[in-house]
Amino acid sequence: MPREIRLNAFEMNCVGHIQQGLWTHPRDQSTRYGELQYWVDYAKKLEKGLFDGMFFADVVGVYDVYGGNADAALRNAVQVPVNDPLMLIPAMATATQHLGFGVTANLTYEQPFLFARRMSTLDHLTGGRIGWNIVTGYLDSAARAIGIEGQIAHDDRYDLADEYMSLVYKLWEGSWDDDAVVADRAGGVYADPSKVRVIHHHGKQYKVDAMHLSAPSPQRTPVLYQAGSSPRGCQFAATHAECVFVNGQKMDGVKEIVDTIRAQAVAHGRNGGDVKVFMGATPIVGRTDAEAKEKFEEYRRYVSSEGALAHAAASLGIDFAKYDIDEPIDTGKSQAIVSNVTAMTRAAGPQWTRRKLLEQMVLGSRQTPWVGSAQSIADQMMSWSEATGIDGFNLSRTVVPECFEDVIDLVVPLLQERGAYKTSYGEGTYRKKLFGHDRLPQSHSAAQYRSGNNTGTK
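Here the structure is a predicted model, which means the values were calculated and not measured. (Residues numbered from 1 in each chain as written. Predicted model: local features only at pLDDT ≥ 70, side-chain atom pairs only at ≥ 80, totals over all residues. Heavy atoms only, no water.)

Quick look at the state of the cysteines
Scanning the model with the defined rule gives 0 disulfides in all. Cysteine 234 carries a free sulfur, and the closest cysteine sulfur to it, the one in cysteine 243, is 15 Å from it. (Disulfide = S-S within 2.5 Å.)

Regarding the environment of arginine 439
Following the sequence through the fold, arginine 439 ends up in the segment after helix H15 (430–435). Owing to a relative accessible area of 27%, arginine 439 belongs among the partly exposed residues under this scheme. Among residues more than four places away in sequence, those in contact with arginine 439 are Asp178, Ser217, Pro218, Gln219, Arg220, Arg431 and Arg450. Looking at arginine 439, its side chain comes within polar contact range of the side chain of aspartate 178, at 3.0 Å. Here proline 218 takes part through its backbone oxygen, which lies 3.1 Å from a polar atom of the side chain of arginine 439. (Helix = DSSP H or I, 4+ residues; strand = E, 2+ residues; numbered from the N terminus. Buried < 20%, exposed > 50% of the residue type's maximum accessible area, 1.4 Å probe, protein only. Contact = heavy atoms within 4.5 Å. Polar contact = N/O pair within 3.5 Å; in protein donor to acceptor, adjacent residues only side chain to side chain.)

Observations regarding the environment of proline 413
Examined against the element boundaries, proline 413 turns out to sit in helix H14 (residues 402–417). Given the relative accessible area of 29%, proline 413 is considered partly exposed. With 364 residues separating them in the primary sequence, proline 413 and glycine 49 have C-alpha atoms 9.3 Å apart.

Topic: the nonpolar core
Ranked by size, the top nonpolar core spans 90 residues in total, and within it Leu7, Phe51, Trp132, Met381 and Phe393 carry the most contacts. With 10 residues, the single largest contributor to this core is helix H6 (residues 154–174). In this structure, phenylalanine 51 is in contact with Leu7, Asn8, Ala9, Leu46, Leu99, Leu395, Phe404, Val407, Ile408, Tyr421 and Tyr425, ignoring residues within four places of it in sequence. Judged by nonpolar contacts, the second largest core, of 25 residues, contains Ile18, Tyr225, Tyr430 and Leu434. (Core = buried A, V, L, I, M, F, W, Y, C linked by side-chain atoms within 4.5 Å.)

Structure, rendered in structure tokens:
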């Protein structure tokens, strides 16, 4: 039997997300991002296509590395303006029954006690369909926005994140017993005080002495996503992540990352199957190869090279405006997304130039699009799944909504015919649909903090 392929729509609450400039295409509707109905209709469409989730990226700064200012980002709507993605979730959840929602939140700038309540609230309101993409940030502009002079060093951010995770696990898993809420109307007792405990966390970064404010939600801890592929990022993912996103590179490079993360997870006492891996992909789908190529060439006419460079400059930590078109670029020691620098080096070679970079960004991003008939795209998805061990794809938008309509109407039926895609949703929470259980397994590091365990309130 072929491996089951899972699909997420990769989105952001803004105009220009990954493929820079395509918002100018006359059929693109992303400029409606401020309309709630736009997102509600979007969610319904994805649920019709049996997508596992809508995954929201987010940033809390602006892309101001290119040219030393944010002008290029503002001109080209490169993830600015950007609205809070969490606000969209309840409305989309009301309009759907099964679609999961993965939301990026930067723990460096989120107070953990209040963030834990926010995620528990969303888990309650969605009936257990919320996930959290754990990020530590990479924009100096975001650091300055909250009064820090610059970004914390890459590996130090992960050290902070490990403590942050232990604290929110204590709140989600250890503060309330499952049967703490009795709702005894006759006796006038809503919650049994003996089954609710104060969490005492005195760490290097955080000090909290409080009980979690939310009663246990369907999943308690949201489904945990993480996207780092650097050595330190892989270590963090092996400890915490249930779903890992990787950049599309060569098959052997992706397989190496997948195998490394799963091997490290096993070394941490987890099962290899406890981690699902999603690869970023940008399909341009037609009924025939010729139709897909024609659509691709049409899309290319709307690409913004300046926008693509502004985005790349921030995520790679390099100001490309300082270099002539064929001048060698010094990658230096970036504190941005280290895995992005590694992936770009693999794609463009050890010696970059602006010309080489732009040649890689044919559709306004560093992600090379897949262009072909529905059959060709289905073949590629299955081939990547079998060769690398990935579990699915994080599909970035091009021209919306047609890019997802093409996948839903043309590719999904072919995958279903081949037994590689579900024909209906399973019941239960987001985690149960992905892994078969509502709560984190005992093998996960969060389990040590559960109520009844000695370490739960330490």
